[in-house]
Amino acid sequence: MTVSFRHQGQTRPGITAITVMFFSAMAAASGGLSLPPFVALGGIIAIPWRQILDFRENPPWEAVLFLLFFAWVMVSWTWSPYEKPDQAIKLLVGIPLYASFAFAISKLRGKWQSRVEAAFVFMAFAASIYLFAEFVINGDATLAYKLAVENAVANDQHTLNQVNRSLGHGALLSILFAGPAAALAWREGGPLIGLLLITITGIMSLGFGLEVNSVAFLGGLFAATCAYFWPRGALSATFGAISGAFVVVPLTLPSVAGALPASVRAALPESWDIRLEIWQFTGERLAENPWLGWGLDAGRVIDAEAEIRGTVQSLLPLHPHNAPLQVWLETGAFGAVLVMFAIVLLGGRIAGAPRLSRLQAAAISWVAVTYFTFIFFSYGVWQEWHMAALAVAVAGTTFLSAKSPAR
């Protein structure tokens with residue numbers, strides 16, 4: 001009777017989790033953009049009201065700081081030159097629901113936890129195998145879909161770019177999921193299965209013309225290895241470095257980019273040279289409103305053009321392709337400091353968790369470093385599709401805690 005009582009109420013979140021895992025694999029295969037509504041709906045269905053209300057007596061202060069940060073982000077829209085409130089609404093609705101989904105899944109126990117673990121591993125394999133196959137056949141399946149369903153133009157460079165863009169975005173999901181899934185397989189006695197997943201994911205990350213995927217994979221692999229051997233120390237260092245980047249990077253990166261000699265810039269790939277110009281321009285705009293920032297989504301309005309290697313390029317294409325720069329540009333020093341302290345407290349709680357296992361530390365480090373790499377070098381920090389993917393990946397790491405507290 002005790003076990004039954006402890007595990008009652010598991011069916012609804014368990015079925016919800018398995019359903020979301022299925023659609024997560026489908027989303028990875030189709031470019032990731034379809035994931036947010038499924039994770040948000042999962043958060044609504046599985047929302048654990050009882051556990052959330054328990055926080056009234058002992059609130060998690062890192063969560064409170066994150067809430068304050070996102071509240072500040074939404075308030076900043078009131079002085080943004082971008083007039084549409086769509087991004088603020090998406091953040092207001094989406095973030096609590098994504099967090100609700102991850103939190104509900106973390107509370108699963110017994111047979112439903114085992115079922116969802118299996119679904120998570122299956123999802124990660126399905127996503128990586130499909131994208132690996134697309135890497136081998138040069139995206140022919142995605143291309144066929146775009147030609148047959150979306151009426152794309154055959155033998156057109158724009159169509160090929162769209163294929164690579166879709167598969168490259170899907171790779172973000174696959175890479176995020178691979179670390180926790182491999183750790184789960186390892187824990188259940190299948191280290192070779194986990195190694196196989198990491199191998200095919202790593203090979204797949206080389207494709208689709210997005211170098212950030214390979215960088216994220218290698219960074220995640222290094223961080224996970226360090227965390228496995230030095231769990232608490234490596235986690236503290238990882239979260240400390242990420243938090244510090246939100247203050248240090250905006251103060252230094254634009255100047256470093258501007259100070260690079262022309263000979264060094266000329267030796268870099270064109271896309272890197274363009275990115276350096278974007279960061280330098282963002283730093284100049286950031287300095288004009290350093291304390292409060294320009295407001296949410298200001299990068300959609302603030303822009304200029306410059307000729308780079310013979311072609312005219314936008315100097316702020318929607319966002320600066322760097323999370324610390326974007327946070328400071330849009331929310332100012334106040335927003336940057338808020339998110340810095342929130343990440344520090346989160347890292348401290350995780351590193352000090354009594355049931356932290358080596359595999360869980362490795363999986364958390366993988367997710368933290370790969371996700372930060374994506375938003376540091378490429379994606380806009382407010383994009384809901386990769387926030388939803390992060391929630392699913394975080395849910396996977398919660399299954400890896402030790403059965404008893406560390407001594």
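See the structure printed just above.
Quick caveat: nothing in here was measured; it's all calculated off a predicted structure. (Residues numbered from 1 in each chain as written. Predicted model: local features only at pLDDT ≥ 70, side-chain atom pairs only at ≥ 80, totals over all residues. Heavy atoms only, no water.)

**Focus: the overall build of the chain**
The helix and strand tally for the chain stands at 17 helices and two strands. The C-alpha atoms of the chain give a radius of gyration of 21 Å, which matches the 22 Å a tight globule of 407 residues would have. Expressed along its principal axes, the backbone C-alpha trace of the chain runs to roughly 70 × 50 × 40 Å. Counting the 407 residues in the chain, one finds 50% classified as buried. Taking as baseline every contact in the chain between residues at least 6 positions apart, the subset at least 24 positions apart corresponds to 81%. Carbon and sulfur atoms make up 67% of the accessible area of the chain, which totals about 19,200 Å². Taken together, the 24 basic and 23 acidic charged side chains of the chain have centroids lying 19 Å from each other. (Helix = DSSP H or I, 4+ residues; strand = E, 2+ residues; numbered from the N terminus. Rg over C-alpha atoms; globule rule 2.2 N^0.38 Å. Buried < 20%, exposed > 50% of the residue type's maximum accessible area, 1.4 Å probe, protein only. Contact = heavy atoms within 4.5 Å. Areas by Shrake-Rupley, 256 points an atom, 1.4 Å probe, with all protein chains shown as cover. Lys, Arg positive; Asp, Glu negative; His and termini not counted. Charge placed at Lys NZ, Arg CZ, Asp CG, Glu CD.)

**So, the side chain of Thr-370**
Here Thr-370 lies in helix H16 (residues 358-377). Residue classification places Thr-370 among the buried residues on the basis of a relative accessible area of 0%. A distance of 3.2 Å separates a polar atom in the side chain of Thr-370 from the backbone oxygen of Val-367. Leave out the neighbours within four places in its chain, and Thr-370 touches Ile-175, Leu-176, Ala-216 and Gly-220. (Polar contact = N/O pair within 3.5 Å; in protein donor to acceptor, adjacent residues only side chain to side chain.)

**Considering the pattern of salt bridges**
According to the stated counting rule, one finds eleven salt bridges in the structure shown. Arg-285 serves as the salt-bridge partner of Glu-284, at 3.8 Å between the closest nitrogen and oxygen. Glu-288 is the partner of Arg-285 in a salt bridge, and the nearest nitrogen-oxygen pair spans 2.7 Å. Judged by its relative accessible area of 16%, Arg-285 falls in the buried class. Taking the relative accessible area as the measure of exposure, Glu-288 reaches 44% and is therefore partly exposed. Counted as one network, the salt bridges with shared partners bring together Arg-265, Asp-273, Glu-277 and Arg-309. (Salt bridge = Lys/Arg side-chain N within 4 Å of Asp/Glu carboxyl O.)

**Section: the nonpolar core**
If you look at the biggest cluster of nonpolar residues, it comprises 120 residues, and the most contacted ones within it are Val-39, Leu-173, Phe-177, Trp-382 and Val-392. Ranked by residue count, the leading element in this core is helix H15 (residues 323-351), at 14 residues. Ignoring sequence-local partners within four residues, the contact set of Leu-173 consists of Ser-24, Ala-27, Ala-28, Gly-32, Leu-35, Trp-385 and Ala-389. (Core = buried A, V, L, I, M, F, W, Y, C linked by side-chain atoms within 4.5 Å.)

**Section: the packing of helix H5 (residues 61-76) against H15**
Closest axis-to-axis distance for the H5/H15 pair is 8 Å, and the angle between their directions is 170°. Relative to H15, the element H5 is oriented roughly antiparallel. Within the contact of H5 with H15, the residues separate by chemical class into 16 nonpolar, three polar and three charged. (Axes fitted to C-alpha atoms, helices over the stretch in contact; angles between N-to-C directions. Parallel < 35°, antiparallel > 145°, perpendicular 65-115°, else oblique. Nonpolar A, V, L, I, M, F, W, Y, C, P; charged D, E, K, R; others polar.)

**Looking at a nonpolar patch on the surface**
Together, Trp-49, Ile-52, Leu-53 and Phe-55 line one region of the surface with nonpolar side chains, adding up to about 380 Å² of accessible area. Relative accessible area serves as the criterion here: at 54%, Trp-49 is assigned to the exposed category. (Patch = residues over 30% accessible without salt bridge, like charges linked within 9 Å, V, L, I, M, F, W, Y side chains within 5 Å.)

**Quick look at the packing of aromatic side chains**
Applying the stated criterion to the full structure yields 17 aromatic pairs. When the centroid spacing of 5.4 Å and the interplanar angle of 90° are considered together, the rings of Tyr-228 and Phe-229 count as edge-to-face. Exposure remark for Tyr-228: the relative accessible area of 29% places this residue in the partly exposed category. The structure contains a cluster of three or more aromatic residues connected by ring pairs, namely Phe-246, Trp-279, Phe-372, Phe-376 and Phe-377. Above the ring of Trp-112, the side-chain terminus of Arg-115 is found at 4.5 Å from the ring centroid. The ring of Tyr-228 is capped by Arg-358, whose NZ or CZ atom sits 5.9 Å from the centre of that ring. (Phe/Tyr/Trp six-rings, centres within 6.5 Å; stacked < 30°, edge-to-face > 60°. Lys NZ or Arg CZ within 6 Å of the ring centre and 35° of its normal.)

**What about helix H6 (residues 86-106)?**
Residues that lie three or four places apart on an α-helix share one face, since the helix turns once every 3.6 residues. For H6, built from 21 residues, the straight-helix expectation of 30 Å at 1.5 Å per residue is met to within 8% by its first-to-last C-alpha distance of 30 Å. At Gly-94, H6 is deflected by roughly 25°, the largest bend along its length, and proline Pro-96 occurs up to four residues later in sequence. (Expected span 1.5 Å × (residues − 1). Bend = angle between axes of the 7 residues up to and from the residue.)

**Points about helix H9 (residues 157-187)**
An ideal rise of 1.5 Å per residue puts 45 Å on 31 residues; H9 measures up with 45 Å between its terminal C-alpha atoms. Of all the bends in H9, the largest measures some 35° and sits at Ala-178, one to four residues before the proline Pro-180. Of all 31 residues making up H9, 22 are buried, and the element is well covered by its neighbours. Of the residues trailing H9, Gly-189 is marked for its positive phi of about 95°.

**A word on the layout of surface pockets**
In this structure, the second largest pocket encloses a volume near 1,300 Å³. Leu-210, Arg-275, His-321, Ser-378 and Tyr-379 are the residues nearest the centre of the second largest pocket, which is lined by 38 residues in total. Counting only elements with at least two residues in the lining of the second largest pocket, the list comes to H9, helix H11 (211-229), helix H14 (270-286) and strand E2 (311-314). Among the elements that take part in the lining of the second largest pocket, H14 stands out by supplying seven residues, more than any other. Split into classes, the residues belonging to the lining of the second largest pocket amount to 16 nonpolar, 18 polar and four charged. (1 Å grid on protein atoms, 1.4 Å probe; cavity = no way out; pocket = protein on both sides within 12 Å on 5 of 7 lines; lining within 4 Å. Points joined across faces, edges and corners; volume = space filled by probe spheres on them.)

**Examining the environment of Leu-143**
Take Leu-143: it is sitting in helix H8 (residues 140-148). Through-space distance from the C-alpha of Leu-143 to that of Ala-154 is 8.7 Å; in sequence the pair is eleven residues apart. Those residues in contact with Leu-143, other than ones at most four positions away along the chain, are Thr-159 and Val-163.

**Quick look at the packing of H15 against H16**
Where H15 meets H16, the axes come as close as 15 Å, and the angle between the chain directions of the two elements is 175°. With respect to their mutual orientation, H15 and H16 come out roughly antiparallel. On the side of H15, the interface is formed by Ala-323, Pro-324 and Ile-350, while H16 contributes Ile-364, Phe-372, Ile-375 and Phe-376. Its residues placed into classes, the contact of H15 with H16 shows seven nonpolar, no polar and no charged.

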